[in-house]
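Here's the letter readout for the chains.
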Number of protein chains: 4
Amino acid sequence: MSAHLSENAYGKSRVRVTKVQRDAAAGRHDLFEFDVAIQLRGAFDECYTAGDNSGVLPTDTMRNTVYALAAKTGITSPEQFALLLADHFVAHEQIPHATSVRIDLRADRWKRIHDEARREHPWAFINGGRELRTCTVEQGRDRPRVLLSAGIDDLLLIKTTDSAFVDFVRDEYTTLPDAQDRIFASAVRATWRYAESAADSDWNDCFETARDAMIRTFAAHKSLAVQHTLYAMGEAALAACGAIDEIEIWMPNQHRVPFDLRPLGLENRNEVCVTTSEPFGLIGGTIRRT
Amino acid sequence: MSAHLSENAYGKSRVRVTKVQRDAAAGRHDLFEFDVAIQLRGAFDECYTAGDNSGVLPTDTMRNTVYALAAKTGITSPEQFALLLADHFVAHEQIPHATSVRIDLRADRWKRIHDEARREHPWAFINGGRELRTCTVEQGRDRPRVLLSAGIDDLLLIKTTDSAFVDFVRDEYTTLPDAQDRIFASAVRATWRYAESAADSDWNDCFETARDAMIRTFAAHKSLAVQHTLYAMGEAALAACGAIDEIEIWMPNQHRVPFDLRPLGLENRNEVCVTTSEPFGLIGGTIRRT
Amino acid sequence: MSAHLSENAYGKSRVRVTKVQRDAAAGRHDLFEFDVAIQLRGAFDECYTAGDNSGVLPTDTMRNTVYALAAKTGITSPEQFALLLADHFVAHEQIPHATSVRIDLRADRWKRIHDEARREHPWAFINGGRELRTCTVEQGRDRPRVLLSAGIDDLLLIKTTDSAFVDFVRDEYTTLPDAQDRIFASAVRATWRYAESAADSDWNDCFETARDAMIRTFAAHKSLAVQHTLYAMGEAALAACGAIDEIEIWMPNQHRVPFDLRPLGLENRNEVCVTTSEPFGLIGGTIRRT
Amino acid sequence: MSAHLSENAYGKSRVRVTKVQRDAAAGRHDLFEFDVAIQLRGAFDECYTAGDNSGVLPTDTMRNTVYALAAKTGITSPEQFALLLADHFVAHEQIPHATSVRIDLRADRWKRIHDEARREHPWAFINGGRELRTCTVEQGRDRPRVLLSAGIDDLLLIKTTDSAFVDFVRDEYTTLPDAQDRIFASAVRATWRYAESAADSDWNDCFETARDAMIRTFAAHKSLAVQHTLYAMGEAALAACGAIDEIEIWMPNQHRVPFDLRPLGLENRNEVCVTTSEPFGLIGGTIRRT
């Protein structure tokens, strides 16, 4: 038998870094917590086929590099730090055979604690939710174009009305009745691609703007299907932030199933549901600026 | 060989219920999502030793009961609903041999979405964090005293200064240096016991009051040890809410370990840490009103 | 307001250690992977109330101690290592105010890989399942009695017949029909207490013996209820291993719910079920040697 | 602003089905537990852009279909069941605008319990590990080629010697020393593509053959890098099963980090390590038959 290596990639995952940036004059700290994954691709075949590591930068070094660059740099956004890492590896003189690098970064969303007068605390924070801010950089050594996408993961939203699902296809296995008024819950994952012209100044603003647009559209939309609201949310994000070219959204339909109270001699006035984690509908769509 | 059943308990766990309560006049919905666990104790031995189910209320019926009572009742708080469930089972005529019941309830903390004018949306919500509001009822059939405790779980807090740990015991295996200024992060679990005189009206207020007191004390405290801050948080909760008799707090010390940059030729100005999940210190204390 | 510290405990959790023991003569390695938690109790109040750490052994030192004792000791069982750790802390000269220590240990169950001739590989292992072997030591400084319990967690078992549940209590909320033949699945957690006379030589044998007895009883039992099988499994463990005084077993009833195929025009011959994780029945019992 | 839907997909995830197949003559049961995900693609735009569901088969119906087909069919392998589901949806007369379907299936690996005489129990099973058997079918309505891949996920392997990592690239951020003898632990995910000529009869045999080949190669290999062993495992799988055209393997390097005992006055004879979950190296490669 004869075989060959047709693809390869390697790197370090779950490199978790905490960076505190102190503004001594203002007596205020900024806090960043990132979970970074790095993957290199290129002509690393000899390591696979012959155990020759002479071209292999250890993944332990990749880890060290994350901490080193965090120390040497003032961090302004996840995107800026991910681009910095990508630049470092793609320009690395000792691994010219690395043809591309991918950086995936997930950022916690710590929020400042407020005191009784609603003032922000300068250095104490509370976790703002399960949601994570994400970004990805893909950069090739010989390709000038850097692909930068950003987004949000696990944004939990629920609404208790203004959601219907009726007049769908029915086949021999369909038992679902029309629902004129149902609960709609989801954990939104959205990933958008920035236009090449987008600059550092845009990323934090754009993140908050796109996030707000999606949340408010979810709340206000008269939903006729998860797909319907997903599309409206994507359109709203594009409308809110001009630096976004395209947005991909995945929305699980986290069903709240009305509990059948009739066998118990009771009526369910569309008030009592089973909260479920599985199975779930999974709806995806990509909306592109025309 | 001879053996006997010395203890027994049974029930249903992870009964998840969603309840929507609509105020038609105000056009406003309240949303409750509870995860309920029920455990009965009593003279159920025949089921274990002989497979005789004639005294066993099925756990499936316990599940149904959660949905039935949610439908029949206006919910005002987790505590009120847990007490209602405990009352139901402890007074159940067909299982007089059930001597006690325990209800554990965990409530999601959905927050209302705000519109651009900062007004609360009447029926759309966003998840407010990983934290859960909890309560436990323990009720005996022949004991008039109902034990009611409430609390919070997974309240994530972090501060980037005002935390030290110095002058501790050193033995042959100690390598930890004194830390004058370290990051302090935790996922607080607090459980408090209400005084017998506490009434329905107290529970929601007291929860928010105790939670705020703990969060603000965490932020403001000059911490000399996790223990030190834990005690101050407990004291603050007791001071803030008179209906609480006693509070038990567990605080993992979620270490942020300064990364040693010296081998990389760099200096760590107490800015760059490894974010860790394990191992973690685990500190507990119970503070009681004197 | 006046308050005081009524209870306290502190320690380190999730200390994960890998120990390789090489038998050079036989060319064979033993592998232990333990997850250790340590908790001390005693007169540590000054740390809580005044931030005075002069009596506090750092949890970082506890972590170091696990690795130090793992290096200094030949490990023969989880129980032996947990007892060694408890002895160390309860006899620690610099913390005489520590009145008791608790060690919780969870061990992975790596199994040797077999070659084509079914011979055991001397140093390569495959994970044997989700199940963990557990033990707990509780030791007081002034109490001669050491409490040692051991057990198993997450032992996944399923049988597709010989399980019924009929003739139970029915009330207004009962909808469950009698089941003459149902699937029975569980993730068994069993914890047994060793008699004081039990010695090192017993622990490994007794673990395997008790585990086998429970598994084979689960398989062979004509189950009339989860409780019924739980009791039989406990009895079997006591019968199989004389060093066990008492066994506590918790068995979730991981329901396989027959799917109602009638609306689809099909019949379910007790063959097709929904695999569920929640809700689940949770059945517990303690069986004691008489 | 103008936008359009450039991609879409929808379906149901986490459809969990348990199927018991009874051989009455032999008094023996087979047990299948599958977790199925279904995704359709096609001209579903009107649902997104206008809330028009007239072309949408509900995801609830997809769920029902899994149970219906499980009831109507004798299951022989995950692959056979996934192909059956794909065929159903891609040939569905009421959704001719669905251009392709993807089925992802994950199967639990229950093993028969053995009695004391080492005989297999006919209907009682124990979980064989964390590992899952997986398969994926991608089928287009107008494309005759069905893409079928299969594999394994979370296959936990560890070896305590015969693993080195030396002579790698060193840069300014490298601190890792050469390791002549280290522990090598991984949770292997392998996915292979079957040749078009592979038939039903091959899938179960090939799964076991490829799995065994990878496990035994892991055990026997003199590893000079994770990459090196990964390639050898892929080659071995291709050699062992002729129906496999190509195999993609991802191996996290689950580091066991030698604990530095020198500050404790002890020596680490390469015996005591910290068991870590993060960060981890992540190594991937695709090996193709030439």
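Parameters and conventions
Residues numbered from 1 in each chain as written. Chains lettered and ligands numbered in written order. Predicted model: local features only at pLDDT ≥ 70, side-chain atom pairs only at ≥ 80, totals over all residues. Heavy atoms only, no water. Helix = DSSP H or I, 4+ residues; strand = E, 2+ residues; numbered from the N terminus. Expected span 1.5 Å × (residues − 1). Buried < 20%, exposed > 50% of the residue type's maximum accessible area, 1.4 Å probe, protein only. Contact = heavy atoms within 4.5 Å. Disulfide = S-S within 2.5 Å. Least-squares fit on C-alpha atoms with pLDDT ≥ 70 in both. Phe/Tyr/Trp six-rings, centres within 6.5 Å; stacked < 30°, edge-to-face > 60°. Lys NZ or Arg CZ within 6 Å of the ring centre and 35° of its normal. Buried area = accessible area lost by both parts, 1.4 Å probe. Salt bridge = Lys/Arg side-chain N within 4 Å of Asp/Glu carboxyl O. Pairing = 2+ DSSP bridges. Polar contact = N/O pair within 3.5 Å; in protein donor to acceptor, adjacent residues only side chain to side chain. Nonpolar A, V, L, I, M, F, W, Y, C, P; charged D, E, K, R; others polar. Axes fitted to C-alpha atoms, helices over the stretch in contact; angles between N-to-C directions. Parallel < 35°, antiparallel > 145°, perpendicular 65-115°, else oblique. Left-handed = near helix turned anticlockwise from the far one by under 90°. pLDDT = per-residue confidence, 0-100.

A. Quick peek at helix 2 (residues 59–72) of chain A. For helix 2 of chain A, spanning 14 residues, the distance from its first C-alpha to its last is 20 Å, which sits close to the expected 20 Å at 1.5 Å a residue. Where burial is concerned, most of helix 2 of chain A is hidden: 12 out of the 14 residues are buried. Among all positions of helix 2 of chain A, only Thr59, Asp60, Thr61, Met62, Asn64, Thr65, Val66, Tyr67, Ala68, Leu69, Ala70 and Ala71 of chain A are buried. Check the buried side of helix 2 of chain A and you find it contacts strand 1 (3–23), strand 2 (28–42) and helix 3 (78–90) of chain A, strand 11 (272–275) of chain B together with strand 12 (280–289) of chain D.

B. Structural context of the state of the cysteines. Using the criterion set out here, one finds 4 disulfides over all chains in the structure. Paired through a disulfide, Cys206 of chain A and Cys241 of chain A show a sulfur-sulfur distance of 1.7 Å. Its torsion about the S-S bond being -115°, the disulfide of Cys206 of chain A and Cys241 of chain A is classed as left-handed. One end of the pair, Cys206 of chain A, is in helix 4 (residues 200–220); the other, Cys241 of chain A, is in the loop between helix 5 (226–240) and strand 9 (244–253), and 35 residues separate them in sequence. The burial state of Cys206 of chain A is the same as that of Cys241 of chain A; both residues are buried. Free cysteine Cys135 of chain B: the closest other cysteine sulfur is in Cys206 of chain B, separated by 13 Å.

C. Spatial organisation of the relation of the copies chain A and chain D. Each copy of the sequence occupies a distinct position, and chain A is placed on chain D by a rotation of 180° and an axial shift of 0.0 Å, giving an RMSD of 0.0 Å. Taken together, the rotation angle and the small translation identify this as a two-fold axis. Comparing contact sets, 100% of the residues at the interface of chain A also lie at the interface in chain D, consistent with an isologous, same-surface contact.

D. Examining the packing of aromatic side chains more closely. According to the stated counting rule, one finds 28 aromatic pairs over all chains in the structure shown. Aromatic pair Phe32 of chain B and Phe34 of chain B: ring centres 5.8 Å apart, planes at 55°, arrangement tilted. Of the two residues, Phe32 of chain B and Phe34 of chain B, both sit in the buried class. Ring pairs connect the aromatic residues Phe32, Phe34 and Phe81 of chain A, which therefore count as one cluster. For Arg133 of chain B, the ring lying beneath its charged end belongs to Phe207 of chain B, and the centroid distance is 4.7 Å. The ring of Phe218 of chain C has Lys159 of chain C lying over it, and the distance from NZ or CZ to the ring centre is 5.5 Å.

E. The interface of chain C and chain B, seen in detail. With 76 residues of chain C at the interface, the matching set in chain B holds 76 residues. For the pair chain C and chain B, the two sides together bury roughly 6400 Å², of which 55% comes from carbon and sulfur. Summed over the three residues of chain C that lose the most area to chain B, namely Tyr48, Val169 and Tyr173 of chain C, the buried surface amounts to 12% of that side. A salt bridge links Glu278 of chain B to Arg14 of chain C; the nearest nitrogen and oxygen atoms lie 2.6 Å apart. Looking at the side of chain C that touches chain B, the element that brings in the most residues is strand 1 (residues 3–23) of chain C, giving 14 residues. Alignment of strand 12 (residues 280–289) of chain B against strand 1 of chain C, held across 10 bridges, turns out to be antiparallel. Its bridge partner being in strand 1 of chain C, Arg288 of chain B is matched across the sheet by His4 of chain C.

F. Here's a closer look at the relation of the copies chain C and chain B. It takes a turn of 180° to lay chain C on chain B, together with a shift of 0.0 Å along the axis; the resulting RMSD is 0.0 Å. Taken as a fraction of all interface residues of chain C, those also at the interface in chain B reach 100%, which identifies the copy contact as same-surface.

G. Layout of the pairing of strand 6 (residues 132–140) of chain D. Residues and elements named next belong to chain D. Most of strand 6 sits out of view: 8 of its 9 residues are buried. Inspection of the sheet shows strand 3 (residues 98–107) paired to strand 6 by 8 bridges, in the antiparallel sense. Each bridged residue has a counterpart across the sheet, and for Val101 the counterpart in strand 6 is Gln139. Judged from the 8 bridges that link them, strand 6 and strand 7 (residues 146–159) form a sheet pairing that is antiparallel. Following the sheet pairing, Leu132 is matched in strand 7 by Asp153. Turn length for the strand 6-strand 7 hairpin, with the two strands adjacent in sequence and antiparallel, is 5 residues.

H. Summary view of unusual backbone geometry. Note that the residue after Glu278 of chain C, namely Pro279 of chain C, is joined by a cis bond; omega there is -10°. Examined against the element boundaries, Pro279 of chain C turns out to sit in the loop between strand 11 (272–275) and strand 12 (280–289). In this structure, Arg118 of chain D takes a positive phi of about 65° despite not being glycine. Here Arg118 of chain D is to be found in the loop between strand 4 (110–114) and strand 5 (120–127).

I. Representation of the interface of chain A and chain D. Residue-level contacts link 76 residues of chain A with 76 residues of chain D. Taking both partners together, chain A and chain D bury about 6400 Å²; carbon and sulfur atoms supply 55% of that area. For the interface between chain A and chain D, the tally reads 4 salt bridges. Linking chain A to chain D there are 46 residue pairs in polar contact (both at pLDDT 80 or more). For the side of chain A that touches chain D, the leading source of residues is strand 1 of chain A, giving 14 residues. In terms of residue class, the side of chain A that touches chain D is made up of 33 nonpolar, 29 polar and 14 charged.

J. Fine view of the environment of Leu264 of chain C. Examined against the element boundaries, Leu264 of chain C turns out to sit in the loop between strand 10 (256–258) and strand 11. Taking the relative accessible area as the measure of exposure, Leu264 of chain C reaches 8% and is therefore buried. When near neighbours in sequence (up to four residues on either side) are disregarded, Leu264 of chain C contacts Glu172, Tyr173 and Thr175 of chain A, Phe259 of chain C together with Asn64 and Ala68 of chain D.

K. Region of interest: the packing of helix 2 (residues 59–72) of chain C against helix 3 (residues 78–90) of chain C. Residue and element names in this part refer to chain C. Packing of helix 2 against helix 3 leaves a shortest axis separation of 11 Å and a crossing angle of 125°. When the interaxial angle is binned, helix 2 and helix 3 end up oblique. Like other packed secondary-structure pairs, helix 2 and helix 3 cross with a definite hand, here right-handed. In this structure, helix 2 contributes Met62, Thr65, Val66, Leu69 and Ala70 to the contact, and helix 3 contributes Phe81, Leu84, Leu85, His88 and Phe89. Broken down by class, the residue content of the contact of helix 2 with helix 3 amounts to 8 nonpolar, 2 polar and no charged.

L. Geometry of the confidence of the model for chain A. Confidence in the prediction for chain A averages 96 pLDDT; 100% of positions are at 70 or higher. Prediction confidence for the complex, expressed as pTM and ipTM, is 0.97 and 0.95 respectively.

M. A look at the pattern of salt bridges. Counted under the stated rule, the structure contains 102 salt bridges over all chains. Arg109 of chain A is the salt-bridge partner of Glu131 of chain A, the closest N and O atoms lying 3.2 Å from each other. A residue pair is termed long-range when its members are at least 10 positions apart, and Glu131 of chain A in the loop between strand 5 (120–127) and strand 6 (132–140) and Arg109 of chain A in the loop between strand 3 (98–107) and strand 4 (110–114) qualify at 22 residues. Here Glu131 of chain A matches Arg109 of chain A in class, with each residue buried. Of the charged contacts in the structure, one is a salt bridge between Arg28 of chain B and Glu120 of chain B, with a shortest N-O distance of 3.3 Å.

N. Expanded view of helix 5 (residues 226–240) of chain C. Residue and element names in this part refer to chain C. Between its first and last C-alpha atoms helix 5 spans 21 Å; for 15 residues at 1.5 Å apiece the expected length is 21 Å, and the two agree. Within helix 5, 12 of the 15 residues are buried, which leaves the element mostly enclosed by the surrounding structure. Within helix 5, the full set of buried residues consists of Val226, Gln227, His228, Thr229, Leu230, Tyr231, Ala232, Met233, Gly234, Ala236, Ala237 and Leu238.

O. Summary view of the environment of Gln180 of chain D. Residues and elements named next belong to chain D. Assignment of secondary structure puts Gln180 in the loop between strand 7 and strand 8 (184–194). Classification of Gln180 as exposed rests on a relative accessible area of 63%. Residues Gln180 and Ala164, 16 residues apart in the sequence, show an inter-C-alpha distance of 4.6 Å. Residues in contact with Gln180, not counting those within four places in the same chain, are Ser163, Ala164 and Val166.

P. The side chain of Gln39 of chain B, seen in detail. By the element assignment, Gln39 of chain B lies in strand 2 (residues 28–42). Within polar-contact distance, the side chain of Gln39 of chain B engages the backbone oxygen of Leu282 of chain C at 3.1 Å. Gln39 of chain B has contacts with Ala9, Tyr10, Gly11, Lys12, Ser100, Val101 and Arg102 of chain B together with Trp250 and Leu282 of chain C, leaving out every residue within four places of it along the chain.

Q. Focus on the pairing of strand 5 of chain D. Where burial is concerned, most of strand 5 of chain D is hidden: 6 out of the 8 residues are buried. Strand direction decides the pairing type here: strand 7 (residues 146–159) of chain C and strand 5 of chain D, joined by 3 bridges, are antiparallel. Within strand 5 of chain D, the residue paired with Leu157 of chain C across the bridge is Ile126 of chain D. In the sheet, strand 4 of chain D pairs with strand 5 of chain D via 4 bridges, with the strands oriented antiparallel. Looking at the pairing, Lys111 of chain D lines up with Ile126 of chain D of strand 5 of chain D.

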